[in-house]
Amino acid sequence: MSAAGFLLVAAPPVAVAALTVALRPRLTDVVAPLRLAVVRAALVTGAYAVLTVELLGALRLLTLPAFAVAWLLFVAGTVAAAGWRLRHDPAPAAGRPGPTAPWRTAGRGERLLAGTVGALVGVELLIALLAEPNNFDSQTYHLPKVEHWVAQGDLDFWPTAIHRQVTIPPGAEYLLLHLRLFTGGDALHNLVQWGAGVLCLLAAARITAQLGGRRRAQWITAFVLGTTPMVALQATSTQTDLVCAAWVACVATLALDGLRRRAGLGALLLLGAGTGLTAVTKTSGLVAVGPLLVLWGIGQLRLAHLGAPSRVDGGDGAGNDDDGGGGDAGAGRGGDGGRGLRAGDVGRTVAGSVLVLLAALVVVGPFLARVQAEFGHPLGPPRLRESIPMERHDPPSVLVNALRIGHTALDTPLAPLRDGTAAAIMAGARLIGVDPQDRAITFGRETFPVPSWYPDEDRVAFPLAGALALVGAVVALRRPARISPASAGALRGYAVVVVTAVALHTAMIKWQPWGNRLLLYALVLAVPLAGLWLDDLFRRRLPPRGRDGVPAAPLPGRRPVAVGLAVTVLATCALSGVLALSYGFPRRLVGAGSVFTTSEWDTRFLRRPGWAEEFRWAADAVRASGARRIGLVQQNDNWEYPWWLLLRDADGRAPELVALQSVLPDRPPADPASTDAIVCTGTRRPCAGLVPVGWTLTWRGYVGYALPPGR
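Residues numbered from 1 in each chain as written. Predicted model: local features only at pLDDT ≥ 70, side-chain atom pairs only at ≥ 80, totals over all residues. Heavy atoms only, no water.

## A closer look at the pattern of salt bridges
- Counted by the stated rule, this structure contains 35 salt bridges.
- Across the salt bridge formed by Arg517 and Asp241, the nearest N and O atoms sit 3.2 Å from each other. Placement of the pair is Arg517 in helix α22 (residues 515–518) and Asp241 in helix α12 (residues 241–257), with a sequence separation of 276 residues.
- Taking relative accessible area as the criterion, Asp241 reaches 2% and is therefore assigned buried.
- Between Arg539 and Asp536 there is a salt bridge whose closest N-O contact spans 3.0 Å. (Salt bridge = Lys/Arg side-chain N within 4 Å of Asp/Glu carboxyl O. Helix = DSSP H or I, 4+ residues; strand = E, 2+ residues; numbered from the N terminus. Buried < 20%, exposed > 50% of the residue type's maximum accessible area, 1.4 Å probe, protein only.)

Structure, rendered in structure tokens:
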């Protein structure tokens, strides 16, 4: 990477840092003000990155110079805003603790939790920097998308046999495109998910604080989430689930702010940005964003009923009015219970909701418009709309789907337990008249059950974090005042949102072996409930004191046993996180496939080691022939990305790759005779049917190539 490229790579983090200063809250009673500033900065930077791609794509300027100018202007603006903020508000408000105060006043347990989370995040960063992208879906469609945009210079769809390259929302790939242009390669691609993982930890910990959790509860939340194998493994990947989860968590923490203070213009725009970023990254995240916005709207109406002050342009440099929380919406305002809800209050809330949706549409709208124009539906072709969403919604089918999703999410290495519960689910399904393998509630040709306990980034279960979150949700729904006396109403409302999101997910999305990663956004939202519950358990570990100050006799065995079990579960969480990073797949620290001992090319093919030499063999033959225009023959789940790496020119220029098949009705494939060579993956028969007469087709395992006479 050149010096100029290095400076450009530094632009996004510099912008986030500057915006964190510029958008920090002014009020002294804001919950976790620094984390709120980071959330705001991330949303603004993410929205800018997406809109930059859309604008420059429309102008056919997806080039390094254009992106360099865009980022230099953005950084200059954010630094100027930070400077202005420092001049007018140079120091934190009196009484606000400094950044090192939490560590200096932390107990031994809190420091252990914080140290574990910090160490895991640091190791994840190391792996993300050392390992080449090797996620299966990334080889098929995530990274080929980026290469097509760079080669074309715009966002127009292209003929392809892999519909996911054009139909799946591209928000995470938009972020990768910036790094691809800055560096000329994929060396830093894993950092997008790593950054999203850090944002998830910060947002989840702030949600815990907003729900009344003390510092220990916040660290427990970060600990449980950070040690979850799915989170640890995806933080070093080019998957997209952590990016989606991060945007959902940002919406959640902003929505909870809306339970305590009327939203100003800045808050509305940030909520809209988070909603739009979720939609343009992974539409499944909207399953949670919808209920969160409903909760926010109810909170806004309640504040209006209670006569909360309305200061649209107040306080924090972003047009938001923040409140430190600790209590339910409207608590401590005095009065006689409110002035009542007026028509103007309802109108303002409705207008604010419309603004949120309009802001979201600005972010996701251009992509939806292209999909609508191409397929006649904003959600894509029927093949996509029918493959993942549930096609049956009768209660028995939804129940069976929910049980299968829960079984896969909570899977453990205990084979008798896994087999016994799976058998019970299938027997129960047949008893109520539902085929447990019904294609209408099961993705593709997959068959339930599948083992999912193994630490694989695409399917690993989260039994520990999931079980803790389930218990936390039950306690929050039944006895919220016990674990958060000052925020009982907000806690119960939030728990209802989490449960609703999970219920909607199981009613709308078919079971699939990789379904655990699709649930990641829900896990991030649910873990704060576990943090609050565990902190309450530890807080009550000592028996109450009598009137004379002498501790009363504890209940026989119950509390110590519960605390001991909780400590054991947390220790097991730490072990599972360490083992996931050490031995997880397909990036690990030790053993076969270690990032320290495996070559760059072999790392890319750890999913399919046998294909590494086959791709290189075919690419060498095509390059030796001098071919410039190369045809692609592949099926929907084949790897395309290796061709973009192997067939580049010596100066790094992308090859001219054209599809000889197309699933896009209005974009016909290229004529095989117009190419200089053909490369194929998958099976020989489709390739042989497209090779022109007289050409020589050579095949080896998974890969083949064809050359015309004389080459």
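Having seen the structure, we can now continue with the description.
## Structural notes on the nonpolar core
- Ranked by size, the top nonpolar core spans 171 residues in total, and within it Tyr494, Phe615 and Trp643 carry the most contacts.
- Among the elements that take part in this core, helix α23 (residues 520–539) stands out by supplying 15 residues, more than any other.
- Here Phe615 is in contact with Trp601, Phe605, Trp639, Pro642, Trp643, Leu646, Thr681, Tyr702 and Val703, once residues within four sequence places are set aside. (Core = buried A, V, L, I, M, F, W, Y, C linked by side-chain atoms within 4.5 Å. Contact = heavy atoms within 4.5 Å.)

## Here's the deal with the packing of aromatic side chains
- For the structure shown, the criterion picks out 17 aromatic pairs.
- Ring centres 5.4 Å apart and planes at 45° place the aromatic pair Phe605 and Trp639 in the tilted group. Here Phe605 is found in the loop between α25 (600–604) and α26 (611–624), whereas its partner Trp639 is found in the loop between β1 (629–633) and α27 (641–646), with 34 residues between them in sequence.
- A relative accessible area of 1% places Phe605 in the buried class. (Phe/Tyr/Trp six-rings, centres within 6.5 Å; stacked < 30°, edge-to-face > 60°.)

## Points about empty space enclosed by the protein
- Tallying each qualifying case throughout the model produces five cavities of 30 Å³ or more.
- One number sums up the size of the second largest cavity: a volume of about 70 Å³.
- Taken together, Lys145, Trp149, Leu155, Phe157, Trp158, Gln165, Val166, Ile168, Pro170, Tyr174, Phe367 and Arg370 make up the full set of residues lining the second largest cavity.
- At the level of secondary structure, the elements contributing two or more residues to the lining of the second largest cavity comprise α6 (136–152), α7 (164–167) and α15 (343–375). (1 Å grid on protein atoms, 1.4 Å probe; cavity = no way out; pocket = protein on both sides within 12 Å on 5 of 7 lines; lining within 4 Å. Points joined across faces, edges and corners; volume = space filled by probe spheres on them.)

## Some details on the side chain of Arg24
- With respect to the secondary-structure elements, Arg24 resides in the loop between α1 (3–22) and α2 (33–58).
- Polar contacts involving the side chain of Arg24 include one to the main-chain carbonyl oxygen of Asp89, which spans 2.5 Å. (Polar contact = N/O pair within 3.5 Å; in protein donor to acceptor, adjacent residues only side chain to side chain.)

## A few points about the environment of Leu86
- For Leu86, the location among the structural elements is in helix α3 (residues 64–88).
- When its relative accessible area of 39% is taken as the criterion, Leu86 is described as partly exposed.
- Separated by 210 residues in the primary sequence, Leu86 and Trp296 place their C-alpha atoms 31 Å from one another.
- Beyond its immediate sequence surroundings of up to four residues, Leu86 is in contact with Val21 and Arg24.

## So, the sheet that holds strand β3 (residues 677–681)
- An order of β2-β1-β3-β5-β4 is seen for the five strands of this open sheet, with the pairing classed as mixed. Bordering the open sheet on either side are β2 (656–659) and β4 (696–700), each of which pairs with just one other strand. Direction aside, neighbouring strands of the sheet carry axes that sit 25° apart on average.
- The strands touched by α26 are β1, β3, β4 and β5 (703–707); relative to β5, the strand with the most contacts, the crossing angle is about 10°. (Pairing = 2+ DSSP bridges. Axes fitted to C-alpha atoms, helices over the stretch in contact; angles between N-to-C directions.)

## Some remarks on unusual backbone geometry
- Residue Phe448 is joined to Pro449 through a cis peptide bond whose omega torsion reads 0°.
- Summarising the element assignment, Pro449 is placed in the loop between α18 (415–431) and α19 (463–478).
- The step from Phe585 to Pro586 runs through a cis peptide bond, and the omega angle for that step is 10°.
- Locating Pro586 in the fold gives a position in the loop between α24 (558–583) and α25.
- Positioned with a positive phi, Arg60 is a non-glycine residue whose angle comes to about 55°.

## Some points on the pairing of β2
- Alignment of β1 against β2, held across four bridges, turns out to be parallel. Opposite Arg629, over in β2, you have Glu656 as the bridge partner.
- The parallel pair β1 and β2 is bridged by α27, and the resulting crossover is right-handed. (Right-handed = clockwise from strand over helix to strand, strands pointing away.)

## So, helix α9 (residues 191–210)
- The terminal C-alpha atoms of α9 lie 28 Å apart, and with 20 residues this matches the ideal 28 Å at 1.5 Å per residue to within 8%.
- The buried fraction of α9 is high, at 15 of 20 residues.
- Downstream of α9 by one or two residues, Gly212 has phi in the positive range, about 100°. (Expected span 1.5 Å × (residues − 1).)

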